Structure formats: C-alpha cells, structure tokens
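# Topology and contacts: notes
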Amino acid sequence: MPPFTDTTLFPAFYELPTPAASDIAAAPNSPDDTTSWYLLAQIKENMTLTKPTLICTDRRGMDFAITFEDTAMSLRGFKKGHMLVVRRAARTERGEGKKAVVRVEAGRSGDAYVIPGGLEQVFELGFLLDREGVGEKCAACEKMEGPLMKCTGCGIAAYCSKACQAKGWSEMLHKSNCKVLKSIKEIWG
Ligand SMILES: [Zn+2]
Ligand SMILES: [Zn+2]
C-alpha cells in the first residue's frame, strides 16, 4: 500500500514540477516504474467550458484547476468529494494574470484515476493499512486464530466469521471503505 505521508511521492500542488510537457510525456509508463509521483486532489467542482476542467483541493487545502487537453475525455464518474489521482502530474508556470494549473496532456488521460472517497478518508485508510496485522486478524473482533475470510470486494479486509463480516460492513464503515480500498489496490497494487 502506498505511503500517503510521503510528500515526495504524493506532492501538493505547489510542490509539483513545472517542466516542459514533452519531458513528462517522455517518461516510461510501465507497471513496475518507480520514478512516478502522484498528485492527490479532492474534486470540488466541474468547471468545464471548452476543455474538461475540474476545480480540486490538494492535501494542503489549496484550490486549483486541472484541465484535460483531450477534449473527448468524459468526466462522468468524476464526482464531487471524490479523489482524483494524477500520475506524473506537472504544473504550469504562473503567467501574466494567469493562474498555474495542472494540465493533463492529450493522450495522457489514462494517468488520471478516481478514488470514490475523500482525501481524509483515503489518508485515514492509508494510515490504518500501514499498521501491522491488517488482513492477519479479524477486522471486526481482532481474532487472529483460525482461518480468516477475505472480503471479496476489496480482497484486503479479513473476517473470522459471517457475523463479523456483517458487523464490519454495516457498523464499522467497511461499506464505504471497501470500494476505496479496491481502487487504491487497482492503482498501486
Ligand atoms: Zn471476528
Ligand atoms: Zn472489502
């Protein structure tokens, strides 16, 4: 699981690099790439005029715009309050009367992912997953002996019984955390 506390790996908006777009595009795109960084931003508003544009808030509470040069890109599924992840995001320089933005170049829309949860929820889950024992003890009663069943939704949370699984789902927030964990796993493995 990714260490969300690492601000080199997960920089805030003003910590993003501002290189020429061509430099970023030339970077390798492979699953075991260890040179990537990820912008984490909570979606605040859809401000699409000519290009798909989202106003987002970064981990330090700064608001900024993310635009997609690929105008055919659909923002359906990019919901307010959810988190947008942009792999190898770059920031434009502030120009005369122009605010800096994050521009996702054409052909790089595949580097944008959505996690169906807010920043706070994602950071909290990241913190929990960093602790030992997740998946090795029942997420509801903390029992460690006997066979544990993994949640079929996320494949991360484990339970000792159907009763504990039901409790975890309804009383312990797994209903809302499950899909967040699933998408974290899909992005970072
Ligand atoms: Zn249990
Ligand atoms: Zn689950």
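Everything in this summary refers to the structure shown in the same document. (Residues numbered from 1 in each chain as written. Chains lettered and ligands numbered in written order. Predicted model: local features only at pLDDT ≥ 70, side-chain atom pairs only at ≥ 80, totals over all residues. Heavy atoms only, no water.)

## Here we look at the packing of aromatic side chains
Scanning the entire structure with this criterion turns up 9 aromatic pairs. With a centroid separation of 5.3 Å and an interplanar angle of 80°, the aromatic rings of tyrosine 38 and tryptophan 188 are classed as edge-to-face. Taken as a pair, tyrosine 38 in strand β1 (residues 38-46) and tryptophan 188 in helix α4 (residues 174-188) lie far apart in primary sequence, 150 residues in all. One aromatic cluster is present, built from ring pairs that chain together Phe4, Phe10, Tyr38, Phe123 and Trp188. (Phe/Tyr/Trp six-rings, centres within 6.5 Å; stacked < 30°, edge-to-face > 60°. Helix = DSSP H or I, 4+ residues; strand = E, 2+ residues; numbered from the N terminus.)

## Concerning the nonpolar core
One finds Leu40, Val85, Ile115 and Trp188 to be the most contacted residues of the largest nonpolar core, which totals 25 residues. Where this core is concerned, the elements lending two or more residues are β1, β4 (83-87), α2 (119-130) and α4. At 6 residues, α4 tops the list of elements feeding residues into this core. Each of domain 1 (13-121) and domain 2 (133-188) gives at least three residues to this core. Residues within four places of leucine 40 in sequence aside, it is in contact with Phe4, Phe10, Thr57, Asp58, Arg59, Met83, Leu84, Val85, Leu119, Phe123 and Trp188. Counting 21 residues, the second-largest nonpolar core is a separate cluster that includes Leu39, Cys56, Phe64 and Val104. (Core = buried A, V, L, I, M, F, W, Y, C linked by side-chain atoms within 4.5 Å. Buried < 20%, exposed > 50% of the residue type's maximum accessible area, 1.4 Å probe, protein only. Domains from an automatic or database assignment. Contact = heavy atoms within 4.5 Å.)

## Focus on the coordination of the zinc ion (ligand 2)
Within the protein, the zinc ion (ligand 2) binds to Cys151 (SG), Cys154 (SG), His174 (NE2) and Cys178 (SG); these donor distances fall in the range 2.1 to 2.4 Å. Metal-centred angles of 104 to 119° between the 4 donor atoms at the zinc ion (ligand 2) mark the site as tetrahedral. Donor residues binding the zinc ion (ligand 2) come from one chain and are separated in sequence as C-x2-C-x19-H-x3-C. Highlighted residues: cysteine 151 in the loop between β7 (149-150) and β8 (158-159) and cysteine 178 in helix α4, separated in sequence by 27 residues. Each member of the pair, cysteine 151 together with cysteine 178, is buried. (Donors = N, O, S within 2.8 Å, 3.2 Å for Na, K, Ca; no water. Tetrahedral: all angles 85-135°; square planar, octahedral: opposite > 155°, others 65-115°.)

## Focus on the pairing of strand β2 (residues 53-57)
Regular strands place their side chains on alternate faces of the sheet. Judged by how many residues are buried, β2 sits mostly within the fold: 5 of 5 residues are covered. Of the two faces of β2, the one holding Thr53, Ile55 and Thr57 and the one holding Leu54 and Cys56 are both buried throughout. As paired strands, β1 and β2 are joined by 4 bridges and run antiparallel to one another. When the sheet's bridge partners are listed, isoleucine 43 is paired in β2 with cysteine 56. (Pairing = 2+ DSSP bridges.)

## Observations regarding the environment of isoleucine 115
Along the chain, isoleucine 115 turns up in strand β6 (residues 112-115). Judged by relative accessible area, isoleucine 115 falls into the buried class, the value being 0%. Linking isoleucine 115 and alanine 100, residues 15 residues apart in sequence, is a C-alpha distance of 24 Å. Setting aside residues up to four positions removed in sequence, isoleucine 115 forms contacts with His82, Met83, Val85, Val122, Val180, Ser183, Ile184, Ile187 and Trp188.

## Points about the layout of surface pockets
Considered as a void within the structure, the largest pocket measures approximately 580 Å³ in volume. As for the largest pocket, its lining consists of 25 residues, of which Leu125, Leu128, Arg131, Val134 and Ala139 are closest to the centre. Of all the secondary-structure elements, those providing two or more residues to the lining of the largest pocket are α2, β8 and α4. Its residues placed into classes, the lining of the largest pocket shows 14 nonpolar, 6 polar and 5 charged. (1 Å grid on protein atoms, 1.4 Å probe; cavity = no way out; pocket = protein on both sides within 12 Å on 5 of 7 lines; lining within 4 Å. Points joined across faces, edges and corners; volume = space filled by probe spheres on them. Nonpolar A, V, L, I, M, F, W, Y, C, P; charged D, E, K, R; others polar.)

## A short note on the coordination of the zinc ion (ligand 1)
Here the zinc ion (ligand 1) is held by Cys138 (SG), Cys141 (SG), Cys160 (SG) and Cys164 (SG), and the distances to it run 2.3 Å. Taken together, the 4 donor atoms surrounding the zinc ion (ligand 1) define angles of 107 to 117° at the centre, an arrangement classified as tetrahedral. We note that the donor set of the zinc ion (ligand 1) lies within a single chain, spaced as C-x2-C-x18-C-x3-C. Highlighted residues: cysteine 141 in the loop between α2 and β7 and cysteine 164 in helix α3 (residues 162-170), separated in sequence by 23 residues.

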